[in-house]
Amino acid sequence: MKVPAKGFTHGGKFHADDVFATALLRILRPDFAVTRGFEVPEGFEGIVYDIGDGMFDHHSADRALRPGGVPYAAFGLLWKVFGAQLVGENQARLLDENFVQPLDLNDNTGADCLLADAIGGFNPLWDSHDDPDACFARAVDFAQVILQNNLDAANAVNRADALVQKAYQNMRDGIVVLPCYAPWKNALYRSDALFVVYPSQRGGWAAQCVNDRLTKRPKRPFPQGWAGQPAEVLAKRSGLAGLRFCHASRFLITADTKETALAACRQVLGLQ
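The sections below set out a description of the structure shown in this document.

1. Thoughts on the overall build of the chain
For step 1, the next point in the chain: A count of helical and extended segments in the chain gives eight helices and eight strands.
For step 2, the next point in the chain: Taken over C-alpha atoms, the radius of gyration comes to 24 Å for the chain, far larger than the 19 Å a tight globule of 272 residues would show.
For step 3, the next point in the chain: Along the first, second and third principal axes, the C-alpha atoms of the chain reach 75 × 40 × 35 Å.
For step 4, the next point in the chain: Counting over 272 residues, the chain shows a buried share of 42%.
For step 5, the next point in the chain: Counted over contacts in the chain with a minimum sequence separation of 6, partners at least 24 positions apart contribute 57%.
For step 6, the next point in the chain: For the chain, the exposed area adds up to about 14400 Å²; of that, 52% sits on carbon and sulfur atoms.

2. Describing unusual backbone geometry
For step 1, the next point in the chain: Positive phi outside glycine occurs at K216, with the angle close to 65°.
For step 2, the next point in the chain: Mapped onto the fold, K216 is located in the loop between β6 (205–209) and α7 (231–238).
For step 3, the next point in the chain: By relative accessible area, K216 is classed as partly exposed at 48%.
For step 4, the next point in the chain: In this structure, R250 takes a positive phi of about 70° despite not being glycine.
For step 5, the next point in the chain: Looking at where R250 falls in the secondary structure, it is placed in the loop between β7 (243–246) and β8 (252–255).

3. Quick look at the packing of aromatic side chains
For step 1, the next point in the chain: A complete count under the given rule lists nine aromatic pairs for this structure.
For step 2, the next point in the chain: Aromatic side chains F14 and F136 sit 5.5 Å apart centroid to centroid with 70° between the ring planes, which places their arrangement in the edge-to-face category. Of this pair, F14 sits in the loop between β1 (6–10) and α1 (16–28) while F136 sits in helix α5 (residues 132–169), and the two are 122 residues apart along the sequence. For the pair formed by F14 and F136, the shared burial category is buried.
For step 3, the next point in the chain: On the basis of an interplanar angle of 65° and a centroid distance of 5.5 Å, the ring pair of Y181 and Y198 is categorised as edge-to-face. Taken together, the positions of Y181 in the loop between β4 (175–177) and α6 (185–188) and Y198 in strand β5 (residues 195–199) put the pair 17 residues apart, joining distant regions of the chain.
For step 4, the next point in the chain: For Y198, a relative accessible area of 7% corresponds to the buried category.
For step 5, the next point in the chain: Each member of the aromatic cluster is reached from another via a ring pair, and the members are F20, F75 and F99.
For step 6, the next point in the chain: Its guanidinium or amino end placed over the ring of Y72, R66 lies 4.1 Å from that ring's centre, counting from NZ or CZ.
For step 7, the next point in the chain: Here the guanidinium or amino end of K185 rests over the ring plane of W184, the centre of that ring lying 5.9 Å away.

4. Description of α5
One turn of the α-helix equals 3.6 residues, which is why residues spaced by three or four share an orientation.
For step 1, the next point in the chain: Counted at 1.5 Å a residue, the expected span for α5 with its 38 residues is 56 Å, and the 55 Å between its end C-alpha atoms agrees.
For step 2, the next point in the chain: Maximal helix bending in α5 amounts to about 35°, located at A160.
For step 3, the next point in the chain: One side-chain oxygen at the N-terminal end of α5 lies 3.1 Å from the backbone nitrogen of D133; it belongs to D131.

5. Thoughts on the sheet that holds β1
For step 1, the next point in the chain: Taken in spatial order, the three strands of this open sheet run β2-β1-β3, and their pairing is parallel. Of all strands in the sheet, those bounded by a partner on one side alone are β2 (33–37) and β3 (47–48).
For step 2, the next point in the chain: Pairing of β1 with β2 involves five bridges; the strand directions are parallel. For F8, the partnering residue across the bridge sits in β2 and is T35.

The rules behind these values
Residues numbered from 1 in each chain as written. Predicted model: local features only at pLDDT ≥ 70, side-chain atom pairs only at ≥ 80, totals over all residues. Heavy atoms only, no water. Helix = DSSP H or I, 4+ residues; strand = E, 2+ residues; numbered from the N terminus. Rg over C-alpha atoms; globule rule 2.2 N^0.38 Å. Buried < 20%, exposed > 50% of the residue type's maximum accessible area, 1.4 Å probe, protein only. Contact = heavy atoms within 4.5 Å. Areas by Shrake-Rupley, 256 points an atom, 1.4 Å probe, with all protein chains shown as cover. Phe/Tyr/Trp six-rings, centres within 6.5 Å; stacked < 30°, edge-to-face > 60°. Lys NZ or Arg CZ within 6 Å of the ring centre and 35° of its normal. Expected span 1.5 Å × (residues − 1). Bend = angle between axes of the 7 residues up to and from the residue. Polar contact = N/O pair within 3.5 Å; in protein donor to acceptor, adjacent residues only side chain to side chain. Pairing = 2+ DSSP bridges.

Given below as structure tokens:
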């Protein structure tokens, strides 16, 4: 489906749903222009959403539901059509679950959503004389930055998958070693990997536990005795002088060298 240059959505108070729907359409077509009102003009040639009982409205009694029961709002209906062309099928599904659905649920049920509240804060105050359309435009600008950041992150994961898969093919003892930091969780989500070792973005090296896909907890956490301890205590308890940090939740360590990071993982596995 091609996005037309013009759109129409409801006027008055706006919500995260129509704001993010507009931001999405503007990303898809930068020259997209929207008109707001309370009744769709007769013969309007453009895309209509969040009003008008068309394919991108969600206010009828037979509104569409996702397989898990979360109802679609306008943003979700548009994302269902256009999301995959922006980030691919898999990332479109994940973004729907983690980003779009909470906004749709908020719009349909009033469920708590901090991002929706933030967007709502752009509406004119009850006793102000601010132009609602100007406020809407500012909210769309804000939402577009957030949405674009999520799209960029999703595509970064897509670019990283090949690199991570190649490293996984060379995995030894359940430890995947990356040549640089890259988003790795998507590629290893269903794998038998236990740890990922990579150059830290803060210097040195890091090792992170791979979570079990069902429990969402580390398959093999670092020792309780390492958790949140200062470097000198870590060195004494682990016998690894270059071990610098272990997160209190035991899913991450940092070290001076790759060898020390690998040694920490192997120690947890009882390999040394």
